[in-house]
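# Fold and geometry: a report
Chain by chain, the residues run as shown.
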Protein chains: 2
Amino acid sequence: MSKQITIYDIAEALQLSPATVSRGLKDHPAIRKDTRKRIVDKAREMGYQQNHFASNLRKSKSNTIGVIVPRLNSYFMASVISGMEKVANAAGYNLIISQSIESKEKEFTNVKTLYDSRVDGLLVSLAYDTEDISHFDLFLAKGIPLIFFDRVFEHPQCTSIVIDNFKAGYEVTQHLIDQGCKRIAHVTGNIMRNVYSDRLRGYKQALANAGLPFDEALVYYCNLSEQAGAEAASHLLALPHPPDGVFCTNDTTAVNCMRVLKQAGIRIPEQIAVAGFNNDPLSKVIEPNLTTLNYPGQEMGELAAATLIRKLDRNEGSSINTLVLRHDLIVRESSLRKK
Amino acid sequence: MSKQITIYDIAEALQLSPATVSRGLKDHPAIRKDTRKRIVDKAREMGYQQNHFASNLRKSKSNTIGVIVPRLNSYFMASVISGMEKVANAAGYNLIISQSIESKEKEFTNVKTLYDSRVDGLLVSLAYDTEDISHFDLFLAKGIPLIFFDRVFEHPQCTSIVIDNFKAGYEVTQHLIDQGCKRIAHVTGNIMRNVYSDRLRGYKQALANAGLPFDEALVYYCNLSEQAGAEAASHLLALPHPPDGVFCTNDTTAVNCMRVLKQAGIRIPEQIAVAGFNNDPLSKVIEPNLTTLNYPGQEMGELAAATLIRKLDRNEGSSINTLVLRHDLIVRESSLRKK
DNA sequence: CTGTTAGCGCCTTCAG
DNA sequence: CTGAAGGCGCTAACAG
């Protein structure tokens, strides 16, 4: 249990004042080059490590970033977190990650917890059923930066990091149309969330542009779980006039949808073409391989963290409100109909 | 920027001393029921929130747990973290997560960073190429609890949380043997890691018990990536005497192995049966569905966190050295040969 | 059962 | 360019 070295120990060893040592360890301009060097060298020699608590207490800053995500256990979210961790770590920040489990109540508790642990900023992807963001008010009121990613909320004080979900939804749908589909179903989540409403808009727009009718009966709202995918398939097959194409807003759902379709003896893509969303590893494994949309999770995580850290370090309220990442459509056999 | 309420404010409002308030906010026994209530009520009323930095500074404790994992972006690891987060959060601890990216150098840096942020304990799954755990010495020397999970290292001071990898490897292999396989290949990772060496031992033991010869040429060592799975398949097919069964130590590899085998026109499981490991969602999607071993990731995360927290809160060096979680074999079509 | 006191280690005015 | 001094908010002796 070796004793902790403090700046006082260094000061004593060097016959300096603690204040000077403190400055020497930083970038303080009013310190001579050589004394700074002596201080830094001695600090290393003695195995000094800063006590962040003392420093945080003094500065009221934690060097910690709070993260709230709906769920951690998906490939997409794991990639996002991985990206955030990488950037944050490199910049000397720590991440505190919490899961809302898709519930606004839990999200609310998480916000409070993170507030209490004095995070310097917040990176949030909203829960399934969050209606407003008043629970973030205590952050906004204090001017603590709040950045949304993926499932975002428009707010003048907040930056949003997204992909162009409207365009993405349009592209996927257009692709199915190009393959000759005339009745395209859409399996999606809670349209209170931008990601789903925007994709739905894109879907509708593509239909409209192609002169295809929009049929509300072909839109299936669910929680996008494995089971929901299977149920969606059963539901669509039971329709008086079943679809000849399905656009699911995530790959898990798409893949489970395909499974049930195949079990029902439907040929994919000849009878029903399928497209998913996210480019989950699943999409490369299902047969036929799933056409999907590449959602750059790692990049989104990196960008979100970098944006927040820039705000924190420069202490500036950047004027950027929305950052849109590039996506791309990945065409695979599940949607390639021989015309 | 509303002012922060401190225990002094509460003390003043209640005409008490800060010390009493501090005690009242805790479970301190020497406080009258009613004054405790007055304190708690007033604190809530004034919107008091504890300043953890001050408290940590005073107590030299951070209420933070450091986590080091090889990679975050797998379903398995995301489940583990999810479990840890749940337990830690409930117990008032925060997690600082860092990735070694399978490199011992990065792992070393992570250890230092976490040490500097004064985590109360460490949960670690070792990187691919870590040879010894001397870089954890500064933790061990200070008696900071260190718990390994999944990829563990035997050490008297550390608890390990694992599944019985020997038994698991044995069971998977035995299952393939039961299906009539005579030449079973094994695709695995760095056998410096217990998870791989134990499974290999189980594999060998099962072969031995069945009177089947062990053939080193049938063991393929790789990094268990998607690409490695594909390469393993090509390699095995090119052998003068190819296998009739393959046991891969993760599902990603197994699935990509199957893909290549299928492309080569091999019928699975008739010509070559395949089994994986982890019960990744992938395994239910590949066709035929992959026989695999259910690795309880979430439970492992929960158990690891709970074990650490128990140590921290009771401040006891429990005598338990290894905790073994239950696993089960999940049999699916990829291995079911009609005899 | 409650109050007094003395720091935890650091940073930041204010003075030299 | 460097030093002295005070305090961030909390807790744990030590006294009553």
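Residues numbered from 1 in each chain as written. Chains lettered and ligands numbered in written order. Predicted model: local features only at pLDDT ≥ 70, side-chain atom pairs only at ≥ 80, totals over all residues. Heavy atoms only, no water.

### Digging into the overall build of chain A
Here is the rule we go by: Secondary structure follows DSSP: runs of H or I at least 4 residues long count as helices, runs of E at least 2 residues long count as strands, and numbering of each begins at the N terminus. Three exposure classes are used, based on accessible area relative to the maximum for each residue type with a 1.4 Å probe and protein chains only: buried under 20%, partly exposed in between, and exposed over 50%. Accessible areas in this description were obtained via Shrake-Rupley with a 1.4 Å probe; residue shielding takes into account the shown protein chains only.
In terms of helices and strands, chain A carries 12 helices and 12 strands. Along the first, second and third principal axes, the C-alpha atoms of chain A reach 90 × 35 × 35 Å. Looking at chain A as a whole, 54% of its 339 residues are labelled buried. Put simply, chain A shows about 14600 Å² of open surface, and 52% of that area lies on carbon and sulfur atoms.

### Digging into the protein's contact with DNA strand C
Put simply, the test is: It suffices for a single heavy atom of a residue to lie within 4 Å of a molecule or strand for the residue to be listed as near it. Between N or O atoms, a polar contact is any pair within 3.5 Å; within protein, one atom must be a potential hydrogen donor and the other a potential acceptor, and residues adjacent in sequence are included only when both atoms are from side chains. Residue classes follow a fixed rule: Ala, Val, Leu, Ile, Met, Phe, Trp, Tyr, Cys and Pro count as nonpolar, while Asp, Glu, Lys and Arg count as charged, and any other residue, Gly among them, counts as polar.
Taken together, 25 residues form the shell around DNA strand C, and within it Tyr48 and Arg58 of chain A together with Thr20, Arg23 and Arg58 of chain B come nearest. At the protein interface, 61% of the atoms of DNA strand C within 4 Å belong to sugar or phosphate. Interatomic distance of 2.8 Å between a backbone N/O atom of Ile7 of chain A and a phosphate oxygen of DNA strand C. In the model, a phosphate oxygen of DNA strand C is placed 3.4 Å from a nitrogen or oxygen of the Gln50 of chain A side chain. Its residues assigned to classes, the surface near DNA strand C shows 10 nonpolar, 9 polar and 6 charged.

### A short note on the domain arrangement of chain A
We count it as follows: As annotated, the domain borders come from an automatic or database domain assignment.
Along its sequence, chain A is organised into domain 1 (7-50), domain 2 (62-164 + 297-327) and domain 3 (165-294). Centre-to-centre, using C-alpha coordinates, domain 1 of chain A lies 36 Å away from domain 2 of chain A.

### Concerning the interface of chain B and chain A
Counted only if it meets this: Any two residues having at least one pair of non-hydrogen atoms within 4.5 Å are treated as being in contact. When two components associate, each loses some accessible surface as probed by a 1.4 Å sphere; the sum of these losses over both components is called the buried area. Each reported salt bridge corresponds to a side-chain nitrogen of Lys or Arg within 4 Å of a carboxyl oxygen of Asp or Glu.
Facing 46 residues of chain B, the contacting portion of chain A comprises 45 residues. With both chains or domains summed, chain B and chain A bury close to 4300 Å², and 54% of this area falls on carbon and sulfur atoms. The tally of links from chain B across to chain A stands at 4 salt bridges. In this structure, the salt-bridge partner of Glu226 of chain B is Lys284 of chain A, at a minimum N-O distance of 3.2 Å. On the surface where chain B and chain A come into contact, there are 14 residue pairs in polar contact (both at pLDDT 80 or more). Mapped by element, the contributors of at least two residues to the side of chain B that touches chain A are α4 (52-59), α5 (75-90), β2 (94-99), α6 (104-116) and α11 (251-263) of chain B.

### Focus on the sheet that holds strand β3 (residues 121-124) of chain A
Residues and elements named next belong to chain A. Threshold: Strand pairing is assigned whenever DSSP identifies at least 2 bridges connecting the two strands. Between N-to-C directions, angles span 0 to 180 degrees; the directions come from axes that are lines fitted to C-alpha atoms, helices contributing only their stretch in contact.
Strand order in the open sheet made by the 6 strands is β2-β1-β3-β4-β5-β11, with parallel pairing throughout. Each edge of the sheet is formed by a strand with only one pairing partner; in this case those strands are β2 (94-99) and β11 (322-325). In this sheet, neighbouring strand axes are inclined to one another by 20° on average, regardless of whether the strands run parallel or antiparallel. Looking at chain direction, strand β5 (residues 159-163) and β11 are connected through 4 bridges and run parallel. Within β11, the position partnered with Ser160 by the bridge is Thr322. Lying on the sheet, helix α6 (residues 104-116) is in contact with β1 (64-69), β2 and β3; it crosses β1 at an angle near 175°.

### Here's the deal with the pattern of salt bridges
All names here are of chain A. Taken as a whole, this structure holds 26 salt bridges over all chains when the rule is applied. Note that Asp34 is salt-bridged to Arg32, the shortest N-O span being 3.0 Å. With a relative accessible area of 38%, Asp34 lands in the partly exposed category.

### Topic: the environment of Lys106 of chain A
All names here are of chain A. The topology assignment puts Lys106 in helix α6. Between the C-alpha atom of Lys106 and that of Ser62, which follows or precedes it by 44 residues, the distance is 23 Å. When residues no more than four places from it in sequence are discounted, the contact partners of Lys106 are Gln99, Ser100 and Ile101.

### So, the state of the cysteines
Residues and elements named next belong to chain A. Note the cut-off: Disulfides are defined as cysteine sulfur pairs within 2.5 Å.
Counted according to the given criterion, the structure contains 0 disulfides over all chains. With no disulfide of its own, Cys222 lies 7.8 Å from the sulfur of Cys248, the closest cysteine sulfur. Of all cysteine sulfurs, the one in Cys248 lies closest to Cys257, which takes part in no disulfide; the gap is 4.4 Å.

### Considering the protein's contact with DNA strand D
Close to DNA strand D lie 25 residues, the nearest being Thr20 and Arg23 of chain A together with Tyr8, Tyr48 and Arg58 of chain B. Atoms of DNA strand D within 4 Å of the protein belong to the sugar or the phosphate in 64% of instances, the rest to bases. The backbone of Arg32 of chain A places a nitrogen or oxygen atom 3.1 Å from a phosphate oxygen of DNA strand D. Between DNA strand D and the protein, one listed contact pairs a phosphate oxygen with a side-chain N or O atom of Ser22 of chain B at 2.8 Å. Put simply, the parts of the chain that give the surface near DNA strand D at least two residues each are α2 (18-24) and α4 (52-59) of chain A together with α1 (7-14), α2 (18-24) and α4 of chain B.

### Details of the packing of aromatic side chains
Rules: For Phe, Tyr and Trp, rings pair up if their centres lie within 6.5 Å, where Trp contributes its six-membered ring, and each pair is then called stacked (planes under 30 degrees apart), edge-to-face (over 60) or tilted (otherwise). Whether a charge sits over a ring depends on NZ of Lys or CZ of Arg being within 6 Å of the ring centre and within 35 degrees of the ring normal.
Evaluation of the coordinates by the stated rule reveals 12 aromatic pairs over all chains. Geometrically, the ring pair formed by Phe247 of chain A and Phe277 of chain A is stacked, given 6.4 Å between the ring centres and 25° between the ring planes. Here the residue Phe247 of chain A occupies a position in strand β8 (residues 245-248), and Phe277 of chain A occupies one in the loop between β9 (273-275) and β10 (292-294), the gap between them amounting to 30 residues. For Phe247 of chain A, a relative accessible area of 0% gives the class buried. With relative accessibility at 0%, the residue Phe277 of chain A sits in the buried group. Centroid distance Phe136 of chain B to Phe148 of chain B: 5.8 Å. Interplanar angle 90°. Geometry classified as edge-to-face. Here the residue Phe136 of chain B occupies a position in the loop between β3 (121-124) and α7 (137-141), and Phe148 of chain B occupies one in strand β4 (residues 146-149), the gap between them amounting to 12 residues. Phe148 of chain B carries the same exposure label as Phe136 of chain B, and that label is buried. The positively charged end of Arg199 of chain A is found above the aromatic ring belonging to Phe277 of chain A, 3.7 Å away from the centroid. Taking the ring centre of Phe214 of chain A as reference, the NZ or CZ of Lys204 of chain A above it sits at 4.7 Å.

### Quick word on the nonpolar core
For clarity, the cut-off: Only buried Ala, Val, Leu, Ile, Met, Phe, Trp, Tyr and Cys residues count toward a nonpolar core, and they belong to the same one when joined by side-chain atoms within 4.5 Å.
Grouped together as the largest cluster of nonpolar side chains are 147 residues, with contacts concentrated most on Leu123 of chain A together with Ile65, Met84 and Leu123 of chain B. At 7 residues, helix α5 (residues 75-90) of chain A tops the list of elements feeding residues into this core. Sequence-distant contacts of Met84 of chain B, that is, excluding residues within four places in its chain, are made with Val67, Leu95, Leu123, Phe149, Gly301, Glu302, Ala304 and Ala305 of chain B.

### Quick notes on the relation of the copies chain B and chain A
Here is the rule we go by: The least-squares superposition of copies is restricted to C-alpha atoms, and to residues with a pLDDT of at least 70 in both copies.
Of the transformation superimposing chain B on chain A, the axial component is 0.1 Å and the angular component is 180°, with the fit at an RMSD of 0.3 Å. The two molecules are tied by a two-fold rotation axis, judged by turn and shift. Across chain B, the smallest distance between a C-alpha and the rotation axis is recorded for Phe53 of chain B, namely 2.4 Å. Interface overlap between copies is the fraction of interface residues in one copy that are interface residues in the other; for chain B against chain A it reaches 98%, indicating a shared surface.

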